[in-house]
Structure formats: C-alpha cells, structure tokens
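Residue-level structural notes
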Amino acid sequence: MSSARTLLLCLALLSPMAAAQTPDPQANPDYAFEAEQARKREMEAAKKLLESPTLDDFQRADLMLRLADLTFEEGRSLYLKAWDACYAEPSCTEPDLSESRTWLEGSVRITERLLRDHPSYPGTDEALYALAHTQQELGQLDEANARYTELVRRFPDSEKAPQAFLQIGEYRFERGELMPALNAYRRAAAFEGFEERPYALYKEAWVLYNLGEYATALDTMQQVVILSEDSALPLEQEAMRDMVRICVDADQPEKCVTFLEGRGDTELVQSTLRDLANTYLESGDHEQAIQTWKRLIANDPRSEHAAHHQHQILRAWASAGRLDQALDALDVLVDDYGAASTWARHNAARPDALEEAQSTIETDLRELAITWHTQARKLGTGPDALRHYEAADQLYTLYLERWPDGAHGYDMRYAHAELLWDTERYAEAWQAYTQVVELDPRGTKSLEAAEAAVHCAEKLAPEPPVAEGLEPITMEPWTRKLLDSLDAYTSLYPTGPRTREAMYRSAWLYYRHNEFAEAATRFRVVIALDPSSREAEYAADLILTQLEMTQAWEELAATAHAFANEPRLASEDFRRNAGVIEGNAALVLADK
C-alpha cells in the first residue's frame, strides 16, 4: 500500500465520522459550519497521527502537507468571514484579518518545516507550490516568487511547473521587467495540456506589444482567440478586442479582418470592424476610421446599424474639421436613412432602429449646427469663420424644415436668428426673431428675441424725414415693421426692462411723422410709467412742443400747468420752464 493511501486510511481511522459526515452543500443548509467542523476534526486527527512513532519519513511528510493545506483552508475561511462581517456593517471600511493571517502563517511554518526536515520527499514540488501560494496570500510576493523559481528550477517537469511559470511571469510583469516576464509566460505556454495556457499566451502577447513587437504580438493574440474556443477561460472576446488594438498599432488591419473572415462568422467580422473603427478614432486617425465605417456599410448596406455607421462617418469628419466632407456625409445620412428612404422601408419591421435613426439625424443636425455656429463666433472674421457660418446656416435651415414644431424647434429658431444677426442679414433675422416671439411669447428666449427684432428693424428703418409742414408723413415699410416690433415688445412685456424706452421710441417715430395724436398718447404712457425718468421729461417736452406747433393753446396751457405742478415729473428746471410756457399760452389766449 502506498504512503498516501496509508495516510488516508489512518486519518479515516482516527476520525471515523469525517467521511460519513462530509457535508452536502445542496442537502445541508449548515454547509459552511459542517465543513469547518469536519476540517477541524481532520486537523486534530492529523496532529495526533504526527505524534505516532510508527510513521515513516514519507508518510510524515504527506501528513504535514495535508495539515498545511487544512491550515491554509482555515485561514481562507476566516478571511471570507471577516469580509462578510465587514460588508454587513455599514461603518466598517476594513475588516480585522489578524486571525486569518495567523492561520496562514501557521500553514507557512508547517510547509517550511516539511521542506527542511524532509529534503527527499517525492512531493516537494507540491510543497513548494503550496508554500508559494500561501505566501502570495500573505502579500509576501518576493518570498513567493523565490519559491516558484525554486520549483521550476528543481522540478521543470512537475505538474505545478506551468502554473509556477505563470506566477513568475505575473510577478515580473507587475514590476515592469518585461523580458523576464516574457520568458516566464512562454515557458508556461509551452505546456500543451496546461489549462491556463490561453491566458499565458494572452499575457505573452501583451508583453510583446509593450516591447513594440506588434507583428509577433498580433500572431500570438490570434492564437489566443483560437485556443479560447475550447478553453474554460472566458478570454475570447477580450482577446478579440485587444487584437483590434494591436492591429491598429501594427498597421495591419487587413490581417485582422482576413483572420476573422476565415473563421466564417459574418457578425463577428462586423463587430470587429466596429471595434477597429472606434480604435482608429480614439487614436486620432479619422480617415482610417471613416474608411472602416464605409466598409461596414458596404458589407451590409441594409443593416439596422448602417445609419449609425453613417452617423459616425459624419462625426469623424466634423471632429477632423472637414466641413465640406461632413456636410456631404450629412446629406447621405438624411437622404439614405431618412423616414422615406429605401433603408427605412427595408427595416420597417425594426421600429426601434427606425426611431433611433431619426433621432440620430435630428441630434446630428441640431448639435452640429450649434457647434459650428459657436466655432464661427470664436473665429470672428475671415474665410474660415464665414465657412462655419455658412455650414451652420445650412443645418439650421434644414433642421427647421424637418422639425419646425419639434421639442427643440423653439430654441433652434432662436439660435438661427442669432446666426442671421451675426452675419448681418437683418431682414431675415427680424423675421426669425419675430417668429420666436409668436411661437411662444412666454418662452425663455422670447423677451430677448422681441428686443432683438427691434434692433434688426432699427438697422433697416431709414432716418425719419425732416417735416416741411404739419401734414402726416407716410412711413417707410421698415419703419412700420420697427413700430410693429416696438408694439409687440411693450404689449407682451409691459414690465420688461426696456418697455419704457420702447414706448418712447414708438411715440417719437409717430411724432417725427407728424402723427401727433398717437405720439401724444404714447408719450403720456411713458410719463405714467415713471414720471421721474429721463424719457418722461423728453416725452413731456415733446408733448408741449407739438401742442405749440399745432397752436392748440388751450390744451397747451392746461398741459403745461399740469406738468409744472407735478412734483414727480422731471427736473425743477423743466417744471419752471413749463410754467413759463403756460404763461405764454395764456397771453396768446388773452390776445384772442
């Protein structure tokens, strides 16, 4: 009978209930407790058996290794319990792991004694591996690496050797020691039956990548993809994504695509091309990204993703500052993927895709219009600024044609009006600002739009003519529009910040066109709004002037009297002068 079998038999005899009561996690709800009790019984049995003088050297070493394993398991169990307790306590940020460490350190001491006292033990490779693994758990990484290194040096053909090489590779990689790490990963991957061979190759590929050996790294990562198909390790998708990154840096995109096409998975090819395009974009290579998205569309022009790919092409051109190409890409997006397009009819059974496409078109038009308008303002003047203004204008116009009453129609109309003002197209700007006010008089931008409409009309209205008599003068069209805008402002915003000023301005225009009755009515509104204001004094003065011009002496005397005796109106000098005017009017009346 072998020493291992003898040892197991001895343990069973010393702990007769251990095997019979091995907990079943499905049938026994107290599995963790039972497992812990079974482990402790086995440890006690092992300790008693170690006191027996009848054990031979190898049996004793076997038993010590088993005891070290059980001690390690106890330490791990206490570690998990400590963290579970910490998670359950909101105020806990770090559990007390001292008891767990005590058990793990005990496992280290047992294994070290085994190696010291039994140098010829056939399971020395397993003992070295167990010791290194426990030291890793304790954070003793240098010591663990030394044990792994001893294991592969002394037992290069051990079943534990590939895992030890892998851990040596990880240790060196974390320290930036790329060449030693590469050697260790390669030694691990050389074991054909090693379960973690795909991972060892994966790390080997990344070391090669970091060393700048892109072509070799790419070949290795493709090998990982192939091996991962039959591996329990979930590496295939991650390796696929990383292969794309390496393809870009190796400047071998076709190699990736050919590799995937050879695997016969069309969707995988498309998915990888998408990853490839995004990787190009992240690296700043807009043109390569655009070519890749164009390839995606060409591969499957009716795909539900095609509209998104065209959107990406548009955004890439825009990011690259290529306005002409961006506008061309936008035309394709609108024409080829709009609601009435062939693509939309083909995807009629995919309402989500259609809705997303229309939402994408709307968002692209809106955001790019605003972005280019903002850039134009920053550029100020010159050909580049003008080109940005022109591009933004095209997008605003197209947007308002397609979504005049949409959720963003109001804001876009105001933004377009601002662009028209910026480019001194005052007639169009006046129309746009006026539409903003009409669309929603209480909107967030409507007060500003109403004021801007006044400014646009002021730019276009001629200077009022100098009257040669008292007959009313016909108003020019833009003067009438200016009055319309002033009236809209004062009627919609009676408490607005510029209402008094707007009312005075409209009254003055009527005054200059000899429409004195309407002018006087408006001047009196100005006075009523704030008798102490500068506009009120000007208004009162012009009321008196027009009464004198029209020789309305009785009304002049009465009005001047009222103004002279209104303490809130204007300045003392004005009121004194009004009194003089009253006296003069009275003299004229007396002469009659």
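What counts as what
- Residues numbered from 1 in each chain as written.
- Predicted model: local features only at pLDDT ≥ 70, side-chain atom pairs only at ≥ 80, totals over all residues.
- Heavy atoms only, no water.
- Helix = DSSP H or I, 4+ residues; strand = E, 2+ residues; numbered from the N terminus.
- Buried < 20%, exposed > 50% of the residue type's maximum accessible area, 1.4 Å probe, protein only.
- Contact = heavy atoms within 4.5 Å.
- pLDDT = per-residue confidence, 0-100.
- Phe/Tyr/Trp six-rings, centres within 6.5 Å; stacked < 30°, edge-to-face > 60°.
- Lys NZ or Arg CZ within 6 Å of the ring centre and 35° of its normal.
- Disulfide = S-S within 2.5 Å.

**A look at the environment of Ala181**
- Along the chain, the position of Ala181 falls in helix H9 (residues 178-189).
- Taking relative accessible area as the criterion, Ala181 reaches 0% and is therefore assigned buried.
- For the pair Ala181 and Phe165, spaced 16 residues apart in sequence, the C-alpha separation works out to 9.2 Å.
- The contacts of Ala181, once residues within four sequence positions are left out, are Gly169, Arg172, Phe173 and Val207.

**Quick notes on the confidence of the model for the chain**
- Taken as a whole, the chain shows an average pLDDT of 90; of its residues, 94% reach a score of 70 or greater.
- Segment residues 1-27: pLDDT under 50, and 28 contacts once partners within four positions in sequence are set aside and those in other chains are kept.

**Description of the packing of aromatic side chains**
- The tally for this structure, following the rule as stated, stands at 17 aromatic pairs.
- Ring plane angle 75° and centroid distance 5.4 Å describe the contact between Tyr337 and Trp343, whose orientation is recorded as edge-to-face. When sorted by exposure, Tyr337 lands in the same class as Trp343, which is buried.
- Taking NZ or CZ as reference, Lys203 lies 4.4 Å from the ring centre of Phe173, over its face.
- Across the ring face of Trp430, the terminal group of Lys481 is positioned such that the distance to the ring centre comes to 5.8 Å.

**Quick look at the state of the cysteines**
- As enumerated under the stated definition, the model contains one disulfide in all.
- Two residues share a disulfide in this structure: Cys86 and Cys92, whose sulfurs sit 2.0 Å from each other. For the disulfide bridge between Cys86 and Cys92, the dihedral angle about the S-S bond is near -100°, and by the sign convention the bridge is left-handed.
- For Cys86, a relative accessible area of 5% puts it in the buried group.

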